[in-house]
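Now for the letters of each chain:
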Amino acid sequence: MDLEALNGLLRPKSIAVVGASNKEGKIGYTVVRNLLISQYRGTIYPINPTESVIQGLQAYPSVLDVPGTIDAAVITVPAKLVPAVTEECGKKGVKGLIIIASGFSEVGRHDLEQQVVDIAQRYGVRVLGPNIVGILSNSDLCNASFAPFLPLAGKAALVSQSGALLIAMDASTYTRRVGFDKMVSIGNMSDVDFADTVEWLDQDEATACISLYIEGLRNGRAFMHAALKAAKPIVALKAGVSAHGAAAAASHTGSLAGSGKIYDAAFQQGGVVRAADLNNLFDRTLALSLQPPMQGENMLIITNGGGVGVLATDAAERYGIPLRFAPDDVQTELKKHMPEFGSAKNPVDLTGMAGRDWYYASVRYAFAHPWVDGLAVLYCETAITDPLEIADGIKQALDDAGVKDKPVVVSFVGGEQSDAARKWLVENGVPAYDAPDVAVNALAALREYARSRQLASEVFQRYADVDEATARAIIANARAHHNHSLTEIESKKIFRAYGMPVALTEMAQTEDEAVQLAEQIGYPIVMKIMSHDILHKSDAGGVKVNIKNAEGVREAFRTIIANAKAYKPDAIIEGVAVQEMAPWGTEVIVGSVDDPTFGPSVMFGLGGIFVEILKDVTFRVAPVSADQSFKMLEEIKAGAILAGARGEAPRDRRALAEVLSRYSQMITDLSDEIAESDANPVLVYAEGQGAKVVDARIILKK
């Protein structure tokens, strides 16, 4: 990160507005007006070749005519003029360009956009945009945008790929009472991207939480690296995860939108908390900007109403923090602050009689107790209580407990008084919401953040016992014969070179060779067609299993060859594979894709109908440690089968996790060669008995 240039761009001490205007309705007019209204403390240089004064400020024909230095230039002129303006800014020594102008890659003009970037890079100038709204910063009193006003002041920063959405969210900060110090419109990301802004905001003293609206990433791995390094929480809303949505995102921003599941994996691996929608982005941002992460699993709910307690309990299970009953000592103490018909189990129901004193005593005790890792305090407005008094009691209890390393969220359900109490709590650093499930979801975000940071700390350690040279030699030989898909035997040799347990497989070109190999391997055996031109062997009638004698081998050889020729007459047949028939085990699939955003990525799921019908799979961006691989096994819905459900013996998940991890190293090392691959099935045996790759496939990049 070029810190000096980004400081000039995102915290400019002087701004030139190129295309500044005295005509209302022009963007150049609005940007100058907004800078003046926001009471920007730096110097403003309006640039207009035909006007000498713009909105009371001296104007200049060109940035080259400005007598002082310029940190950032806001460019509002038409797209065709931007390259010439960029050249002038480079000569002037401008640090960064805020290109509001549209008409670039978002409408197919990639060439014009690249021309601007090339000129800027020649001078060391950073480019934000094009096709953006601008930047807004409360701490700098800077509204260098055509958004109408600065957002409600707060501790979060928002980076948005959509300009229109940023303007809407700017206004929403006041109605939702979620504060932001900064809002940055990032647009086409021709130069400055999410990774750059995350790195810069992580060092910004005014930012406590980084909030992102993402349609697509240009360099997924650079983003993951920046997120991993960040010390501050990051929450992201990824749009365009449906097939149609991804296409819309690409046409809107000119960027690639990858698979939603791979984005999920990348966020998890990078320690990024995911938001489900815009409301959720605001709700989670509020909690992450005001509260510490929830390090443990124990959430306690304190409420004055059974209904909201039940709703919170349901939400806790839905969002991954199922409740446990409080320990006996906690229950004993909390019973002192409720009537006999109250409940101290969890949720703690103080009943509708609870006033300020009961809330104060319960919250203060519970928040300080070592068993409690996170606290959700709920309140239903009643005729006998004052919401503001309850809010004050909760805040006083939190202060008096003296705890700084645990999170708390609050929900007040009621009318105008409850709304005022929520507003007061937020202003005093306590995230407060109008529904119990929303509050619990916010607390879940704080738990997800802690867990994702734990996962992100698990570093992949390369396996030293791999033979990359052999793998590359096999690929080179295939390419020399103009083959873009490897045979099963070639694929298995590469898998074996990376230390994965592979079913013994040899190739025969005659019936006699097949019989000889079968007797060496030992019956029963499996036989398969070997042809670069036939990828799906079963569809071609090219697989025979459970062959038990020499006569069966000869018959299978002839049948497989005949079926293959009938299926694809022009196929070049290398021979027939003779393979050991591995004992029965649980079938799983391990696969890879070369994702356009994140590169080589690993897929895992149970085999058979689970993959083809239920699509019960999970992903990681490669490479993946054995510990992270083990977590993949637990993520799929059918993961309980591997753990030993319904009296079945547990499968050897550690052995399978190592297969996944080694496979991830293979596709990473060979990412310049492999387009996609899979091992399907991999048979997993009882605990301690390992796993075996039975079939393998590798498709090369063209």
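Bear in mind the structure is a predicted one, so any value in this text is a computation, not a measurement.

Peer 1: An account of the overall build of the chain is needed here, citing residue identities and associated values.
Peer 2: A tally of helices and strands in the chain yields 24 helices and 29 strands. Summarising its shape, the C-alpha atoms of the chain cover approximately 95 × 80 × 40 Å along the three principal directions. Looking at the chain residue by residue over its 702 residues, the buried ones come to 58%. Residue pairs in contact within the chain that sit at least 24 positions apart in sequence constitute 71% of those at least 6 positions apart. As displayed, the chain has an accessible area near 28,400 Å², and 51% of this comes from carbon and sulfur atoms.

Peer 1: Which residues make up the sheet that holds strand S21 (residues 525-530), and what are the values?
Peer 2: With antiparallel pairing, four strands are arranged side by side in an open sheet as S20-S23-S21-S22. Of all strands in the sheet, those with a lone pairing partner are strand S20 (505-508) and strand S22 (543-547), marking the two edges. Within this sheet the neighbouring strands show an average axis-to-axis angle of 25°, counted without direction. Both S21 and S22 contribute to a ladder of three bridges, which runs antiparallel. For Lys528, the partnering residue across the bridge sits in S22 and is Val543.

Peer 1: Got a sec to walk through the nonpolar core? Specific residues and values, please.
Peer 2: Ranked by internal contacts, the top residues of the largest apolar core, which has 81 residues, are Leu300, Ile302, Tyr359, Leu375 and Phe412. Not counting chain neighbours up to four residues away, the residues in contact with Leu300 comprise Ala326, Leu334, Asn346, Val348, Ala366, Trp371, Val372, Gly374, Leu375 and Ala376. Of all hydrophobic cores here, the second largest spans 57 residues; its members include Leu10, Ile15, Val192 and Val617.

Peer 1: Go over the environment of Asn34 with me, naming the residues and quoting the values.
Peer 2: Mapped onto the elements, Asn34 comes out in helix H2 (residues 27-37). Overall, Asn34 belongs to the buried group, its relative accessible area being 1%. On a C-alpha basis, the gap between Asn34 and Asn143 in space is 5.6 Å, while along the polypeptide they are 109 residues apart. Polar contacts involving the side chain of Asn34 include one to the main-chain carbonyl oxygen of Ala147, which spans 2.8 Å.

The rules behind the values
- Every chain's residues receive numbers from 1 upward, in the order its sequence appears when written.
- Totals for whole chains, interfaces and linings use every residue, but because this is a predicted model, local features are given only for residues with pLDDT of at least 70 and side-chain atom pairs only at 80 or more, for both listing and counting.
- Hydrogens and water molecules were not included; the side-chain quantities draw on all heavy atoms of the structure.
- In this description a helix means any DSSP run of H or I spanning at least four residues, a strand means any run of E spanning at least two, and both kinds are numbered starting from the N terminus.
- Three labels apply to residues, based on accessible area from a 1.4 Å probe with only protein chains included: buried if under 20% of the type maximum, exposed if over 50%, partly exposed otherwise in between.
- What makes two residues a contact is simply this: any of their non-hydrogen atoms within 4.5 Å.
- Surface exposure here means Shrake-Rupley accessible area, sampled with a 1.4 Å probe, where a residue is shielded only by the protein chains that are shown.
- When DSSP locates at least two bridges between a pair of strands, those strands are taken to pair.
- To get an axis, fit a line to the C-alpha atoms, keeping to the stretch in contact for a helix; angles then go from 0 to 180 degrees between the N-to-C directions.
- For this analysis, a nonpolar core means a set of buried residues of the types Ala, Val, Leu, Ile, Met, Phe, Trp, Tyr and Cys, connected via side-chain atoms within 4.5 Å.
- Two N or O atoms form a polar contact when they lie within 3.5 Å of each other; inside protein one atom must be a possible hydrogen donor and the other a possible acceptor, and for residues adjacent in sequence the pair counts only when both atoms belong to side chains.

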